[in-house]
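A structural walkthrough
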Amino acid sequence: MAKAADPQPVDSYDLAVIGGGLTGLALAIASAAGGLRTLVVEPMPAAAALAAPFDGRVTAVAPGGRRLLATLGVWADLAAEAAPIEDIIVGERDSRLTVHYDHQSVGSEPLGHIVENRTLRRSLLARAQALAGPALTLAMPDKVVSVEPEAQAVQLRLAGGGAASATLVVAADGKGSMLRRLAGIDVLRWNYRQVGIVATIAHAQPHGGLALERFFPDGPLAVLPMIGQRSSIVWAAQERLARDLVPLPDDAFAEELAERIGDRLGEISLAGPRWHYPLSMTQAKRYTAPRLALVGDAARAIHPLAGQGWNLALRDVGALAELVVDAKRVGLDVGSPALLARYERWRRFDSLALIAVTDGLNRLFGNDLLPLRLVRELGLGLVERTPPLKRFFMHHAMGLLGDLPRLMRGQAL
Ligand SMILES: Cc1cc2nc3c(=O)[nH]c(=O)nc-3n(C[C@H](O)[C@H](O)[C@H](O)COP(=O)(O)OP(=O)(O)OC[C@H]3O[C@@H](n4cnc5c(N)ncnc54)[C@H](O)[C@@H]3O)c2cc1C
């Protein structure tokens, strides 16, 4: 009689983070550094993430996020590659009415930093690799093929043949999250009928740390300072405009851009690949299920207009890491219904507020009706003339308001 195959050995973890993108890696570092046995499962091989070439995609990291990354020991590695945003000018088309946000009016720290996504990923991965060992296991490349929640833990099977059991599973697998679908969590979806066009430009004049946010009836355009005489553009073009823009050769595309940007940066040319993504908002109806928490884009993906998607994700990371590390320290269950309910309450309001702001701005400015134009001009004028209101908006965008997790206040867990 044939001998039955030995059962797969099952490794036990406190936390299994599914998805080793920017959000999943940040959470895994916080969790492992805080004393939880942590597993990360990510289909991209680590070597590919470490060697990724320049692809033009960048993220604006707000000061709250920078503090979290500094506390986790990630920021020091990338600081030299982060371009500070000293000023932001928000305005409409060619109108002279603008709001000027100057970092000096709220202190000495920049309003944010622009960092290439590949740099963020490389530095996060390098920090995670430094923690790898009994505290942190990086299964890269690997994939989850089945998830079975039980009363005290979740059983996971991996495509590479491994098996794991975790007290809490975290879905950090992005906007189309498989974990969220398997848990039966529905999403609200909103299609903006806009295409996000992302590119890097080189320009003749220095940007001086200035970010521009210009609103047009056919979609907002953000110009963000990068290291050197380069800027990143994020153009949320309405579908009709995008159909004309996307096929243009680089020179013609740069001309269209120059017309919208004006002469502030001098002559411009494209300095990297162009990307385009259909823009939609997704919001999970719940951020938790038994022994499961959603973080980052798996929980909600917002309009890129305000450059806040990953900053919200980092607030998820800060909040969840704080809850699980505190629970573990006093011997409590890190996946208990009470802990998950606290996470859900903590994060939902913040997300809804930001969805409402970015969605509202996009609608208010994406329309040429006279009454809306008047409201906009009144609004911009009011903000410009009311320093306390301006400072409030700046603190909000800098991720320094609300019930901030300890990591975002620069305190270790
Ligand atoms: C045009 C544009 C500009 C933006 N600009 C900014 C900005 O300036 N500032 C800002 O804060 N945010 C910005 N954002 C938002 C930001 O990019 C996202 O919020 C952020 O990248 C989300 O990271 P994530 O790790 O949650 O998800 P993702 O980046 O989608 O990562 C998910 C990871 O999960 C892995 N994965 C997928 N499926 C599985 C599976 N089944 N098993 C295991 N792993 C899996 C993937 O390989 C991936 O590594 C922008 C977004 C867009 C579209």
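Structure report, in brief. This is a predicted model, so every value here is computed, not measured. (Residues numbered from 1 in each chain as written. Predicted model: local features only at pLDDT ≥ 70, side-chain atom pairs only at ≥ 80, totals over all residues.)

Helix and strand counts for the protein stand at twelve helices and 20 strands. Expressed as a percentage of its 413 residues, the buried residues of the protein come to 45%. Restricting to contacts in the protein with at least 6 residues of sequence separation, those with at least 24 account for 73%. (Helix = DSSP H or I, 4+ residues; strand = E, 2+ residues; numbered from the N terminus. Buried ≥ 20, exposed ≤ 12 C-beta atoms within 10 Å, placed from the backbone. Contact = placed C-beta atoms within 7 Å.)

A separate point is the environment of Trp310. Relative to the elements of secondary structure, Trp310 occurs in helix α9 (residues 309-329). Filtering out sequence-adjacent residues up to four positions away, Trp310 remains in contact with Leu22 and Thr59.

Turning next to the site of the ligand. Residues in contact with the ligand amount to 33 residues; listed here are only the nearest, Gly19, Gly21, Gly174, Gly296 and Gly309. Those elements that provide at least two residues to the shell around the ligand are α1 (22-33), β3 (58-61), β12 (187-203) and α9. The class makeup of the residues in the shell around the ligand is 15 nonpolar, 13 polar and five charged. Mapped onto the domain boundaries, the shell around the ligand takes at least three residues apiece from domain 1 (10-81 + 112-188 + 283-366 + 405-409) and domain 2 (191-279). (Near = placed C-beta within 6 Å. Nonpolar A, V, L, I, M, F, W, Y, C, P; charged D, E, K, R; others polar. Domains from an automatic or database assignment.)

Mapped onto the fold, Asp250 is located in helix α8 (residues 250-261). You can call Asp250 partly exposed: it has 13 C-beta atoms within 10 Å. Considered as a pair, Asp250 and Arg274 are 24 residues apart in the sequence and their alpha carbons are 8.9 Å apart.

Quick look at the nonpolar core now. In terms of nonpolar packing, the biggest core is built from 121 residues, with Ala16, Leu27, Ile29, Ala166, Val170 and Val295 touching the most fellow members. The greatest single-element share of this core, amounting to twelve residues, is contributed by α9. Both domain 1 (10-81 + 112-188 + 283-366 + 405-409) and domain 2 (191-279) contribute no fewer than three residues apiece to this core. (Core = buried A, V, L, I, M, F, W, Y, C linked by C-beta atoms within 7 Å.)

With that out of the way, let us pick up unusual backbone geometry. Of note, the amide linkage connecting Met140 to Pro141 takes the cis form, showing an omega dihedral of 5 degrees. Here Pro141 lies in the loop between β8 (136-139) and β9 (144-149). Phi is positive for Arg193, close to 55 degrees, though the residue is something other than glycine. Tracing the backbone through its elements, the reader meets Arg193 in strand β12. Of note, Arg291 is a non-glycine position whose phi angle comes to about 60 degrees, a positive value. Relative to the elements of secondary structure, Arg291 occurs in the loop between β18 (288-289) and β19 (292-294).

As a further point, take α8. Between its terminal C-alpha atoms α8 stretches 16 Å, which fits the 16 Å expected from twelve residues at 1.5 Å a residue. Backbone geometry just after α8 places Gly262 at a positive phi near 85 degrees. (Expected span 1.5 Å × (residues − 1).)

We now examine the pairing of strand β2 (residues 38-41). The side-chain alternation of β2 yields two buried faces, one formed by Thr38 and Val40 and the other by Leu39 and Val41. Of the pairings in the sheet, the one linking strand β1 (residues 10-18) to β2 comprises four bridges and is parallel in character. Within β2, the position partnered with Val17 by the bridge is Val40. A crossover connection joins β1 to the parallel β2 through α1; in handedness this β-α-β unit is right-handed. In terms of strand pairing, β2 meets β8 through four bridges, oriented parallel. Paired with Val40 across the two strands is Leu138, which belongs to β8. (Pairing = 2+ DSSP bridges. Right-handed = clockwise from strand over helix to strand, strands pointing away.)

Before going further, it helps to spend a moment on the sheet that holds β3. Strand order in the open sheet made by the three strands is β3-β7-β4, with antiparallel pairing throughout. Both outer strands of the open sheet, β3 and β4 (83-85), are each paired with one neighbouring strand and no more. Sheet twist, expressed as the average angle between the axes of neighbouring strands with direction ignored, equals 30 degrees. The pairing of β3 with strand β7 (residues 112-116) spans four bridges and is antiparallel. (Axes fitted to C-alpha atoms, helices over the stretch in contact; angles between N-to-C directions.)

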